[in-house]
Amino acid sequence: MMLRSTAGRRAVATAAAAVSLALALAACSGTTKDSVGKDSAKSGATAKADPDAPLKKGLKLAFLPKQINNPYEKIVDDAGIAAALEYGGTGKEVGPSDAGASSQVSYINTLIQQRQDAILVAANDPNAVCGPLKQAMKKGIKVVAYDSDTAKDCRQLFINQASSEQIGRSLVQHLGEQIGYRGKVAILSATQNATNQNTWIGFMQDELKLPRYKDMKLVKVAYGDDADQKSFQQTQGLMQAYPDLKGIISPTTVGIAAAARYLSDSSYKGRVVLNGLGTPKQMRKYVKDGTVEQFSLWNPQELGHLGSYAAAALASGQITGAQGEKFKAGRLGEYTVGKDGEVVLGEPTVFDRKNIDKFDF
């Protein structure tokens, strides 16, 4: 289901693109994987986009999620693979079973050997994947980060689900309203090195410094490593250490579901407010049984769709990754590349008892 109008998405993406100086990050177009020079990863500054170029047929895309069994990223990747079929390409998902910092490296090396046209990666660590990704770009393979960014010089584009600042601040704002801006709160994150998690948490901490939160205290940031059982245990540990805890923010779909499962069968149900990022399917029962009042997320299917078309536009020479370049993302309409190669999907949606049954992802 669409979460907002195409015009709304276009306005958000265009606004994000207009805030800074132009930066071109892509490899030179019009070259083969074998003929790209040693410094091609940095040659985006001189590459020239051809916005009228058609999308190439037969493009091969590979999606590399944080971990292969992450249900949220499965939705993203499946949507991206389906989008590839729309423009005559093919896609696949490969990845590790754990979200360790270096667990994605061997997969990137294999994808380089397989001569993929584009690699789309949700980085477990912004720097651990940089070496092989730079090698991929030197060989003419386009690199697109999605969901969780790499270091900026290790990819041409970053497909961001929403403004990182907006995500981080809004989660604190929602929780503050729910607990009357008073009491101890905690954050249940994924891995300690996850780029997106740490960026959002940084904005959460900054938001908490505002005067309205003077009676709210962040007591701990716990890490469940995007593993269901560990996230469950971390929630249990938080409640044992802080029995007077008023609220938990979990900006990870694995974490929020595990935390809700723990709270739903505990004496803390109804006493501790849980907010964060989750999917309607996994959170529906917890909203309906009163464990969770509300949570947020963007449409992960649209994120995968956008990432797939962005990678195809790169691989076809329509864009290079420079700020201000425009491309069409199928049914989602036109998007504009922003500062540092960032493309923003749009605003997240808040789910609650009133609207959750309208969504099936």
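Conventions and cut-offs
Each chain carries its own residue numbering, running from 1 in the direction its sequence is written. Local features in this predicted model are restricted to residues whose pLDDT is 70 or higher, and side-chain atom pairs enter the listing and the counts only when it is 80 or higher, whereas totals over whole chains, interfaces and linings include all residues. To get the side-chain values, all heavy atoms of the structure are used, and hydrogens and water are removed first. Salt bridges are identified by distance alone: a Lys or Arg side-chain nitrogen within 4 Å of an Asp or Glu carboxyl oxygen. Strands are runs of DSSP state E lasting at least 2 residues, helices are runs of H or I lasting at least 4, and numbering of each runs from the N terminus. Here's how the labels work: a residue is buried when its accessible area is under 20% of the maximum for its type, exposed when over 50%, partly exposed in between, all with a 1.4 Å probe on protein chains only. Cysteine sulfur atoms that come within 2.5 Å of each other are treated as a disulfide pair. Strands were regarded as paired on the criterion that DSSP finds at least two bridges between them. What counts as an axis is a line fitted to C-alpha atoms, over the stretch in contact for a helix, and the angles between N-to-C directions run from 0 to 180 degrees. Any two residues whose heavy atoms approach within 4.5 Å at even a single point are treated as in contact. The criterion is simple. A nonpolar core is a set of buried Ala, Val, Leu, Ile, Met, Phe, Trp, Tyr and Cys residues joined through side-chain atoms within 4.5 Å. Classification remark: right-handed applies to a crossover when, strands pointing away from the viewer, the course from the first strand over the helix to the second runs clockwise. A helix is expected to span 1.5 Å multiplied by its residue count minus one.

Caption draft 1: View of the pattern of salt bridges. Applying the stated criterion across every chain yields a total of 16 salt bridges. The salt bridge partner of R169 is D206, with a shortest N-O separation of 2.5 Å. Here D206 lies in helix α6 (residues 195-207) and R169 lies in helix α5 (residues 164-178), a separation of 37 residues in the sequence. Given the relative accessible area of 16%, R169 is considered buried. Residue K230 is joined to D225 by a salt bridge in which the shortest nitrogen-to-oxygen separation is 2.7 Å. Counted as one network, the salt bridges with shared partners bring together E165, R169, D206, E207 and R212.

Caption draft 2: Region of interest: the state of the cysteines. Under the defined criterion, the tally for this structure stands at one disulfide. With its sulfur 1.9 Å from that of its partner, C130 forms a disulfide with C154. The chirality of the disulfide connecting C130 with C154 is right-handed, given an S-S dihedral of about 100°. Of this pair, C130 sits in helix α4 (residues 130-138) while C154 sits in the loop between β4 (142-146) and β5 (157-160), and the two are 24 residues apart along the sequence. The burial state of C130 is the same as that of C154; both residues are buried.

Caption draft 3: Spatial organisation of the sheet that holds strand β3 (residues 118-121). Spatial ordering of the open sheet is given by β2-β1-β3-β4-β5-β13, a layout of six strands whose pairing is parallel. This sheet does not close on itself; its edge strands, each paired only once, are β2 (90-93) and β13 (342-344). Taken pair by pair, the neighbouring strands of this sheet meet at an average axis angle of 20°, ignoring direction. Along the sheet face, helix α10 (residues 300-315) touches β1 (60-64), β3, β4, β5 and β13 and points at about 165° away from the line of β5.

Caption draft 4: Inspection of the pairing of β5 at higher detail. Of the two faces of β5, the one lined by L157 and I159 and the one lined by F158 and N160 are each fully buried. As paired strands, β4 and β5 are joined by three bridges and run parallel to one another. Bridge assignment links V144 to a residue of β5, and that residue is L157.

Caption draft 5: Broad picture of the side chain of T150. For T150, the location among the structural elements is in the loop between β4 and β5. Residues contacting T150, with those up to four places away along its chain left out, are V121, A123, P126, V129, L133, A145 and R155.

Caption draft 6: Here's a closer look at unusual backbone geometry. Not every positive phi belongs to a glycine, and D225 is a case in point at roughly 60°. Secondary-structure assignment places D225 in the loop between β7 (216-223) and α7 (228-241). Its relative accessible area of 29% is what places D225 among the partly exposed residues. Phi is positive for D340, which is not a glycine, with a value near 60°.

Caption draft 7: Layout of the sheet that holds β7. Taken together, four strands build an open sheet; the order of strands is β7-β6-β8-β9 and the sheet is parallel. Each edge of the sheet is formed by a strand with only one pairing partner; in this case those strands are β7 and β9 (273-276). The mean inter-strand angle of the sheet, taken between neighbouring strand axes irrespective of direction, is 20°. Seen against the sheet, helix α8 (residues 253-264) touches β6 (183-189), β8 (245-250) and β9 and runs at an angle of roughly 165° to β9.

Caption draft 8: Local environment of the side chain of T279. In this fold, T279 is placed in the loop between β9 and α9 (280-288). We classify T279 as buried; its relative accessible area is 6%. Beyond its immediate stretch of four places on either side in the chain, T279 contacts Y72, I75, T253, F295, L297 and F361.

Caption draft 9: Inspection of the nonpolar core at higher detail. One finds W298, L306 and F327 to be the most contacted residues of the largest nonpolar core, which totals 81 residues. The element contributing the most residues to this core is α10, with nine residues. Non-local contacts of F327, meaning those with residues more than four positions away in its chain, are made with L306, Y309, A310, A313, Q318, I319, G333, E334, Y335, V337 and V343. Core analysis: the second largest hydrophobic core is formed by 18 residues, V121, A136, M137 and A151 among them.

Caption draft 10: Here's a closer look at the pairing of β2. Bridge count for β1 against β2 is four bridges, and the pairing is parallel. Among the inter-strand pairings, L61 is bridged to a residue of β2, identified as G91. With respect to chirality, the unit in which β1 leads through helix α2 (residues 71-86) into the neighbouring parallel β2 is right-handed.

Caption draft 11: Seen up close, α5. Helix length check: α5, at 15 residues, gives a terminal C-alpha distance of 22 Å against a target of 21 Å (1.5 Å per residue), a fit within 8%. Among the 15 residues of α5, eleven are classified as buried, and the element is accordingly described as predominantly covered. Within α5 the residues assigned to the buried category are S164, I167, G168, R169, S170, L171, V172, H174, L175, G176 and Q178. Once α5 ends, the next one or two residues include G180, with phi positive near 70°.

Caption draft 12: Expanded view of the environment of A311. Within the secondary structure, A311 is located in helix α10. The exposure class assigned to A311 is buried, which follows from its relative accessible area of 0%. Residues A311 and A118, spaced 193 residues apart in sequence, show a C-alpha to C-alpha distance of 6.2 Å. Setting aside anything within four residues of it in sequence, one finds A311 in contact with L61, A118, L120 and V144.

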